[in-house]
Number of protein chains: 2
Amino acid sequence: MIKSFLLVVLITCVSFCYADDGYRLWLRYDKITDAALLQQYRNQISSIYFEKQSSTLSTAKKELLTGLQGLLDKKIVDAKGSANSSIVISIKSSPGNNNNEGFQILSKGKQIFITASSDIGALYGVFHFLRLLQTHQSTRQVSITSTPRIQNRILDHWDNLNRTVERGYAGISIWNWHTLPDYIDQRYIDYARANASIGINGTVLTNVNANAIVLTKEYLVKVKALADVFRPYGIKVYLTAKFSAPVEIGGLKTADPLDASVQDWWKKKADEIYSYIPDFGGFLVKANSEGQPGPQTYNRTHVDGANMLADAVAPHGGIIMWRAFVYDVRVQKAEENFDSLNTNSKESSIASADRFKQAYAEFKPFDGKFRKNVLIQVKNGPIDFQPREPFSPLFGAMPHTPLAMEFQLTMEYLGQGTHLVYQAPLFKEVLNADTYANGKGSTVAEVIDGSLHNYSVTAMAGVSNIGSERNWTNHPFGQATWYAFGRLAWDHELTSEQIADEWIRQTFTNNSNAVTTIKKIMMASREAVVNYMTPLGLHHIMATGHHYGPGPWVDNLGRADWNPVYYHKADAYGIGFNRTATGSNALAQYQPQVQAQWNDSNTCDEKYLLWFHHVSWSHKMKDGKTLWNELCSKYQEGIDTVRWMQKQWNTVKNLIDDERFKQVQMFLNIQEKEAVWWKNACLLYFQTFSKMPIPPNVEKPNNTLDYYKNLKFPFAPGIGGNN
Amino acid sequence: MIKSFLLVVLITCVSFCYADDGYRLWLRYDKITDAALLQQYRNQISSIYFEKQSSTLSTAKKELLTGLQGLLDKKIVDAKGSANSSIVISIKSSPGNNNNEGFQILSKGKQIFITASSDIGALYGVFHFLRLLQTHQSTRQVSITSTPRIQNRILDHWDNLNRTVERGYAGISIWNWHTLPDYIDQRYIDYARANASIGINGTVLTNVNANAIVLTKEYLVKVKALADVFRPYGIKVYLTAKFSAPVEIGGLKTADPLDASVQDWWKKKADEIYSYIPDFGGFLVKANSEGQPGPQTYNRTHVDGANMLADAVAPHGGIIMWRAFVYDVRVQKAEENFDSLNTNSKESSIASADRFKQAYAEFKPFDGKFRKNVLIQVKNGPIDFQPREPFSPLFGAMPHTPLAMEFQLTMEYLGQGTHLVYQAPLFKEVLNADTYANGKGSTVAEVIDGSLHNYSVTAMAGVSNIGSERNWTNHPFGQATWYAFGRLAWDHELTSEQIADEWIRQTFTNNSNAVTTIKKIMMASREAVVNYMTPLGLHHIMATGHHYGPGPWVDNLGRADWNPVYYHKADAYGIGFNRTATGSNALAQYQPQVQAQWNDSNTCDEKYLLWFHHVSWSHKMKDGKTLWNELCSKYQEGIDTVRWMQKQWNTVKNLIDDERFKQVQMFLNIQEKEAVWWKNACLLYFQTFSKMPIPPNVEKPNNTLDYYKNLKFPFAPGIGGNN
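Before going into details, it helps to say that this report is about the structure given with it. (Residues numbered from 1 in each chain as written. Chains lettered and ligands numbered in written order. Predicted model: local features only at pLDDT ≥ 70, side-chain atom pairs only at ≥ 80, totals over all residues. Heavy atoms only, no water.)

Brief notes about the pattern of salt bridges
- Per the stated rule, a full pass over the model turns up 87 salt bridges over all chains.
- Taking the shortest distance from any N to any O, the salt bridge between B:Asp190 and B:Arg193 comes out at 3.0 Å. In this pair, B:Asp190 and B:Arg193 both sit in helix H5 (residues 186–197), 3 residues apart, roughly one turn of the helix. Each member of the pair, B:Asp190 as well as B:Arg193, is classed as buried.
- For B:Glu272, the salt bridge is made with B:Lys269, and the minimal N-O distance between the two is 2.8 Å. One end of the pair, B:Glu272, and the other, B:Lys269, are both in helix H8 (residues 260–276), 3 residues apart, so they sit about a helical turn from each other.
- One continuous salt-bridge network, built from bridges that share partners, spans A:Asp20, A:Arg24, A:Arg28, A:Asp30, A:Asp657 and A:Arg660. (Salt bridge = Lys/Arg side-chain N within 4 Å of Asp/Glu carboxyl O. Helix = DSSP H or I, 4+ residues; strand = E, 2+ residues; numbered from the N terminus. Buried < 20%, exposed > 50% of the residue type's maximum accessible area, 1.4 Å probe, protein only.)

Considerations on the state of the cysteines
All names here are of chain A.
- Per the counting criterion, the structure on display carries 0 disulfides over all chains.
- The cysteine Cys632 is free of any disulfide, with Cys682 supplying the nearest cysteine sulfur at 11 Å.
- On the basis of relative accessible area, Cys632 is assigned to the buried category, the value being 0%. (Disulfide = S-S within 2.5 Å.)

Concerning the side chain of A:Glu406
Residues and elements named next belong to chain A.
- Position of Glu406 relative to the elements: it lies in strand E13 (residues 403–408).
- Taking relative accessible area as the criterion, Glu406 reaches 1% and is therefore assigned buried.
- Among the polar contacts made by the side chain of Glu406, one reaches the side chain of Gln377 at a distance of 2.5 Å.
- Each residue touching Glu406, except ones within four places of it in the same chain, is listed here: Asp156, Trp158, Arg323, Gln377, Val378, Lys379, Asn380, Phe385, Ala461 and Val463. (Polar contact = N/O pair within 3.5 Å; in protein donor to acceptor, adjacent residues only side chain to side chain. Contact = heavy atoms within 4.5 Å.)

Describing the pairing of strand E3 (residues 87–91) of chain B
Residues and elements named next belong to chain B.
- With 5 of 5 residues buried, E3 is to be regarded as a mostly interior element.
- Alternating residues of E3 divide into Ile87, Ile89 and Ile91 and Val88 and Ser90, and every residue in both groups is buried.
- Bridge analysis of strand E1 (residues 47–50) against E3 gives 3 bridges, and the strand direction is parallel. Counterpart to Ile48 in the pairing with E3 is Ile87.
- As defined by bridge partners, E3 adjoins strand E5 (residues 111–116) across 5 bridges and the pair is classed as parallel. Its bridge partner lying in E5, Ile89 is registered against Ile114. (Pairing = 2+ DSSP bridges.)

Quick word on the packing of helix H21 (residues 627–650) of chain A against helix H22 (residues 658–690) of chain A
All names here are of chain A.
- Viewed as axis vectors pointing N to C, H21 and H22 meet at an angle of 170°, and their least axial separation amounts to 10 Å. With respect to their mutual orientation, H21 and H22 come out roughly antiparallel.
- When the residues that make up the contact of H21 with H22 are grouped by side-chain class, the tally is 17 nonpolar, 8 polar and 4 charged. (Axes fitted to C-alpha atoms, helices over the stretch in contact; angles between N-to-C directions. Parallel < 35°, antiparallel > 145°, perpendicular 65-115°, else oblique. Nonpolar A, V, L, I, M, F, W, Y, C, P; charged D, E, K, R; others polar.)

Topic: the packing of aromatic side chains
Residues and elements named next belong to chain A.
- This structure, assessed with the given rule, holds 88 aromatic pairs over all chains.
- Consider the rings of Phe243 and Trp322, whose centres lie 6.1 Å apart with planes at 85°: the pair is edge-to-face. Of the two residues, Phe243 sits in the loop between strand E9 (236–240) and helix H7 (245–248) while Trp322 sits in strand E11 (residues 319–323), which places them 79 residues apart along the sequence. The same class applies to Phe243 and to Trp322, which are both buried.
- Considering the side-chain rings of Tyr590 and Trp598, the 5.3 Å spacing of their centres and the 85° angle between planes classify their relative orientation as edge-to-face. (Phe/Tyr/Trp six-rings, centres within 6.5 Å; stacked < 30°, edge-to-face > 60°.)

Side note on the sheet that holds strand E6 (residues 143–146) of chain A
Residue and element names in this part refer to chain A.
- The mixed open sheet is built from 6 strands, whose spatial order is E2-E1-E3-E5-E4-E6. The two strands at the open ends of the sheet, each matched to only one other strand, are strand E2 (77–78) and E6.
- One ladder, built from 2 bridges, connects strand E1 (residues 47–50) with E2; its direction is parallel. When the bridges of E2 are listed, Ser47 appears paired with Val77.
- On the sheet, helix H3 (residues 55–72) packs against E1, E2 and strand E3 (87–91) and is oriented at approximately 175° with respect to E1.

Notes on the packing of H8(B) against helix H9 (residues 302–313) of chain B
Residues and elements named next belong to chain B.
- At a minimum axis distance of 8 Å, the contact between H8 and H9 shows a crossing angle of 40°. It follows that H8 is oblique to H9 by the angle criterion. In terms of crossing hand, the pair formed by H8 and H9 is right-handed. Facing H8, whose interface residues are Val262, Gln263, Trp266, Lys267, Ala270 and Tyr274, H9 presents Met308, Leu309, Asp311, Ala312 and Val313.
- The residue inventory of the contact of H8 with H9, partitioned by class, reads 8 nonpolar, 1 polar and 2 charged. (Left-handed = near helix turned anticlockwise from the far one by under 90°.)

Quick notes on helix H22 (residues 658–690) of chain B
Residues and elements named next belong to chain B.
- Taking 1.5 Å of rise per residue, the 33 residues of H22 would be expected to cover 48 Å, and the 47 Å separating its terminal C-alpha atoms lies within 8% of that figure.
- Of all the 33 residues making up H22, 26 are buried; the element is thus mostly covered by neighbouring parts of the structure.
- Positive backbone phi, at 55°, marks Lys691, one or two positions downstream of H22. (Expected span 1.5 Å × (residues − 1).)

What to know about the pairing of strand E14 (residues 459–463) of chain A
Residue and element names in this part refer to chain A.
- Of all 5 residues that make up E14, 5 are buried, and the element is covered over most of its length.
- Covered by surrounding structure in E14 are Ala459, Ala461 and Val463 together with Met460 and Gly462, the residues of both alternating faces.
- Both strand E7 (residues 152–156) and E14 contribute to a ladder of 5 bridges, which runs parallel. Residue Arg153 lies in a different strand from E14, and its bridge partner there is Met460.
- Strand direction decides the pairing type here: E13 and E14, joined by 4 bridges, are parallel. In the sheet register, Gln408 faces E14, and the bridge partner there is Val463.

Remarks on helix H16 (residues 496–507) of chain A
All names here are of chain A.
- With 12 residues, H16 extends 16 Å from end C-alpha to end C-alpha; this agrees with the ideal 16 Å at 1.5 Å per step.
- Counting buried positions along H16 yields 10 of 12 residues, so the element is predominantly enclosed.
- All of the buried residues along H16 are Ser496, Ile499, Ala500, Asp501, Glu502, Trp503, Ile504, Arg505, Gln506 and Thr507.
- Among the structural elements, helix H4 (119–134), helix H13 (424–432), helix H15 (478–490), helix H17 (512–533) and H22 are those in contact with the buried residues of H16.

See the structure below:
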């Protein structure tokens with residue numbers, strides 16, 4: 001009782017605080033500021049009643065009490081029966097439906113009923129109900145039914161055992177392996193709360209560039225400790241499986257997936273893991289890609305490798321997420337073609353080697369060959385999480401093999417830890433893309449949610465942007481992308497605006513001026529980063545290694561397809577990668593209707609122009625400008641948008657807390673500087689080919705190309721060795 | 001006005017919070033809980049008046065208003081004159097005394113006067129006054145005059161530019177070099193507040209294992225940004241100077257300190273630094289030690305190296321802190337003697353090679369040869385921050401060269417991030433040690449504060465235990481050691497108990513049961529760690545590399561003096577390092593009176609026995625036990641003390657906030673486990689020599705020696721590469 005009282009006092013206070021360090025994310029339960037609405041909520045809500053008990057329901061009850069007592073600033077009674085309780089939480093399990101994570105929120109008279117088929121559904125319902133209050137929705141005539149469209153909604157942590165985070169820009173890993181299992185950081189609990197509140201139900205704890213040591217007993221007891229924390233929140237843990245683990249930690253001479261001793265080792269390892277963690281989710285595997293071992297190391301196929309692991313976890317209900325991000329085996333071919341890449345010929349002579357094509361080429365032939373508990377996890381685009389990519393041609397191309405979507409929340413190519421880029425529009429652009437796999441309207445979303453091909457298992461993964469920074473994501477707006485990922489994995493029909501709206505209200509304020517302004521900034525932010533980094537279909541022109549800043553001139557890396565020049569192919573004639581039939585013919589991997597959208601440089605959506613065409617500097621764009629002038633103008637437009645974002649942000653100064661206001665203000669200054677850097681560096685470099693002047697509407701670079709080429713960032717973040 | 005009001009509300013609330021994440025350290029300004037005292041303070045204090053203005057005084061005013069409004073839960077008026085102000089802050093500068101950082105707090109009638117000779121003195125006075133309130137002292141009859149005994153009170157950060165922290169156990173570096181200078185983390189400001197509150201006035205930002213890149217322009221503008229934040233708080237920034245910087249970043253062919261171009265490079269570099277940071281403190285240098293370059297690389301001396309740097313910074317008022325932690329040049333000699341170390345002979349044959357002796361041997365001959373702005377920075381003991389060491393024989397041996405004390409706050413050898421060890425008793429033991437340099441009563445403290453030898457410049461350095469963890473130090477009690485370091489650097493006459501008392505009251509509670517109990521735990525903690533790790537004068541028997549856990553058996557490292565066997569010399573006869581005249585004769589580096597204390601194994605203080613003597617397993621101890629039985633009993637005593645600490649801690653459960661209570665409880669569980677680990681591993685190993693049974697009062701090890709030898713910790717924290 002005293003504790004509850006203190007809690008109320010605490011939460012009341014926080015609403016008056018002049019500073020917010022961002023730790024609470026969108027789970028801020030400060031007192032409702034709209035007095036009339038507060039009164040209405042208070043009149044309606046004074047008690048709650050949970051019909052059943054379980055660890056998950058106890059978690060739900062604690063959250064609901066904390067939330068209501070904070071938001072309403074009044075003591076809420078934990079009632080003994082449903083008759084007069086304001087909110088009644090029930091589990092109505094129906095036979096064969098106990099995997100249903102959905103919920104219903106229904107008002108009847110003054111009462112509100114949150115009903116679910118499972119305990120976790122009830123927790124999701126509780127979080128959703130709290131969200132209604134946080135976003136100032138009416139609770140009088142509520143009738144909401146919600147069920148996730150995708151089964152496995154997963155965060156992938158590229159976290160190494162030494163706590164570095166590959167492509168992490170928010171401090172180090174929140175997993176403190178050294179002090180586990182004995183020390184349970186409060187962060188682990190709050191991580192679970194945050195994820196459950198947006199429907200995320202899985203977490204891959206370790207980097208896809210894997211370390212076998214996590215599969216040893218010493219580490220499995222640590223993994224178990226985390227799994228025990230996450231279980232009441234409906235979150236399963238997964239690990240990355242290093243394909244060579246049987247050799248590295250098992251003492252075997254081979255990791256050949258067709259070797260019986262190897263198969264046996266994985267089965268026993270799975271049994272061991274499940275003995276610690278009965279609801280272990282399964283493995284995520286990056287095999288035969290960027291130096292990782294895999295079945296091809298033993299002249300076996302992806303099918304051989306994935307199915308072996310699938311068989312090991314199948315008896316326990318586990319799944320295998322096998323990544324389609326592969327570009328290893330064709331190294332030689334790509335290198336053979338490297339000379340031709342450097343000839344600056346009008347038409348590239350390579351027809352076969354194109355990294356764009358490899359995932360499709362390697363996986364499409366295996367459609368239908370994988371075990372039922374295998375998903376192929378495909379990055380949203382064919383290359384690598386660029387500011388804008390066409391959707392991967394694999395989507396729609398494997399009707400008999402469940403495909404999982406992989407988005408990258410951490411902003412490796414989007415300004416890393418300091419740029420404001422709300423990624424929901426990027427996610428939606430991909431999800432809404434039409435594959436035409438079963439005719440018009442066969443969207444990527446319908447592939448992923450299983451409805452198009454009747455997949456029996458579905459998944460969406462987001463590469464985490466979470467780290468040890470107090471506010472989790474370094475940039476306060478990184479939280480919005482995490483939030484949007486969870487919400488879209490639950491329901492991909494939500495719009496970016498809807499998600500932004502509810503995130504802002506929960507995270508900052510319900511003040512309508514602030515909500516409107518911040519939403520405008522967020523909605524403009526993704527196109528801004530495309531424009532100031534890679535407009536018109538440019539891609540993969542970043543600096544080497546850390547990927548921080550521009551490096552379109554890089555041409556000396558060990559593999560052809562690591563070099564920016566491989567991707568933009570700028571020459572005296574023009575710029576862009578010819579992926580039509582006269583080039584690499586990657587376009588042929590799409591359905592004819594998709595090809596038709598993109599295969600003519602005169603009709604191709606200009607957003608994708610340089611993805612598919614090598615066009616001349618004088619190419620006439622739809623607005624009448626030359627390609628060169630359009631390119632210059634787009635870079636300038638990106639900068640101008642950032643400056644507009646700065647001005648807009650300044651108007652919310654007194655509408656939100658001072659601490660986060662200043663943080664974002666400082667970050668926007670960095671973003672503006674770096675947008676100018678991208679424009680200057682890229683235009684000065686491309687100008688060496690176009691030989692054309694920078695048009696008058698575009699600011700002249702204030703440094704030389706050599707200046708930009710010589711910038712060095714030996715300690716840029718995000719390149720943690722997994723040693 | 002509104003902001004102040006909100007501030008009051010905030011601070012009021014916090015006092016009711018059920019959880020405290022530890023971020024505020026000892027600067028918690030929660031409402032005074034003693035109602036009578038609160039009323040008394042409120043009656044006395046309603047307004048403040050600052051007679052002058054400056055950035056430091058504005059900082060002081062903000063802190064005083066925040067603190068008073070929080071503690072008293074009332075609006076405090078920023079008055080326009082002194083006549084009726086409750087607190088009057090004045091600067092009375094006296095000619096030639098503007099370096100005086102001291103302050104006076106004097107009550108006259110109902111008024112309180114805080115008077116100083118400098119702005120920073122006023123800030124220190126303000127913090128001290130707030131401390132009086134935080135610790136529930138009377139403010140009615142106050143007459144306090146306080147002046148620091150040591151001029152330069154400095155934290156040394158072993159922080160690398162890639163944010164790893166060498167020997168750091170609290171996350172990564174709080175310096176986010178990547179986002180500096182544009183992004184100013186709130187932590188930088190709170191770091192400055194915390195340090196100023198305990199009188200720390202300098203910070204060495206970078207690791208002694210230095211990287212020259214911090215001296216490039218790109219990084220100096222980042223250093224400047226931090227210096228600008230710290231300046232109002234009286235904190236100077238220092239950097240570590242990589243001796244080879246003129247070659248690495250200057251393009252010179254040599255870093256020879258007698259080369260004119262090298263001297264010129266450093267002068268110009270110093271000029272450049274001071275152009276950014278006019279009050280730059282100077283350089284800390286680790287030269288010719290553990291692989292670092294130095295003057296000996298060019299056949300020059302420490303004097304040549306230090307004086308060159310001193311000349312570069314002297315025109316700007318900078319100082320050089322040249323570390324005496326050297327053990328490089330005698331590698332060969334030590335290795336020559338390595339065979340003899342492994343003979344397990346009763347008397348070691350090495351008389352010359354003893355790492356113990358090297359600092360004295362190298363530096364004593366140079367006494368008086370250094371420039372006036374050079375200090376030689378000496379670790380407290382002759383080896384390396386062990387749980388207990390005799391004081392370094394250099395203290396008292398260099399009357400003509402200022403010696404700075406170097407303590408290690410980060411607990412490399414004291415349980416690292418998870419053990420509760422309050423280090424003030426360790427610091428005091430060293431400071432109170434009598435060097436007999438000028439006869440009886442020539443304490444180390446008097447050497448360091450300059451009073452014994454009339455040093456014109458004085459310094460005390462603490463190797464920081466601060467990292468990115470929300471509570472700064474990982475273990476909440478790490479904060480106490482940071483606090484104690486600052487307080488002792490200001491006034492080494494304070495007792496460990498006094499400092500613990502005021503820290504507990506500020507950090508946790510004024511509840512007298514809690515204060516008494518927590519103080520007992522803290523005061524017992526240092527002897528506990530000595531007993532469960534290295535009792536009776538054992539030292540340097542930790543595991544290799546990460547130094548986590550015991551490794552007394554290690555005998556295969558590249559250098560003799562890296563191996564634990566070099567230090568304990570256990571053999572069939574006995575154990576310990578003979579440093580008397582029949583051994584390495586390191587004792588001869590001390591004054592005769594000190595030698596007399598330690599040179600007879602029958603009269604030597606048993607705390608130091610094995611530091612100086614190789615004694616038989618059957619050696620009769622003062623309590624009548626054999627050495628072996630005493631050793632076993634001491635290990636057990638260490639464990640028993642930790643278990644007692646656990647029980648004591650459990651009694652404060654409802655007297656402090658739940659979050660920190662649980663944190664410490666979990667950490668104590670780890671500490672108990674690890675104490676048992678140390679005992680088992682060490683006794684099982686030493687038993688292979690003693691062949692004696694573990695006595696009945698000591699718990700039998702529940703694992704084999706091989707088990708302990710085979711433990712591996714590939715990802716133990718604290719070994720960050722400075723790459």
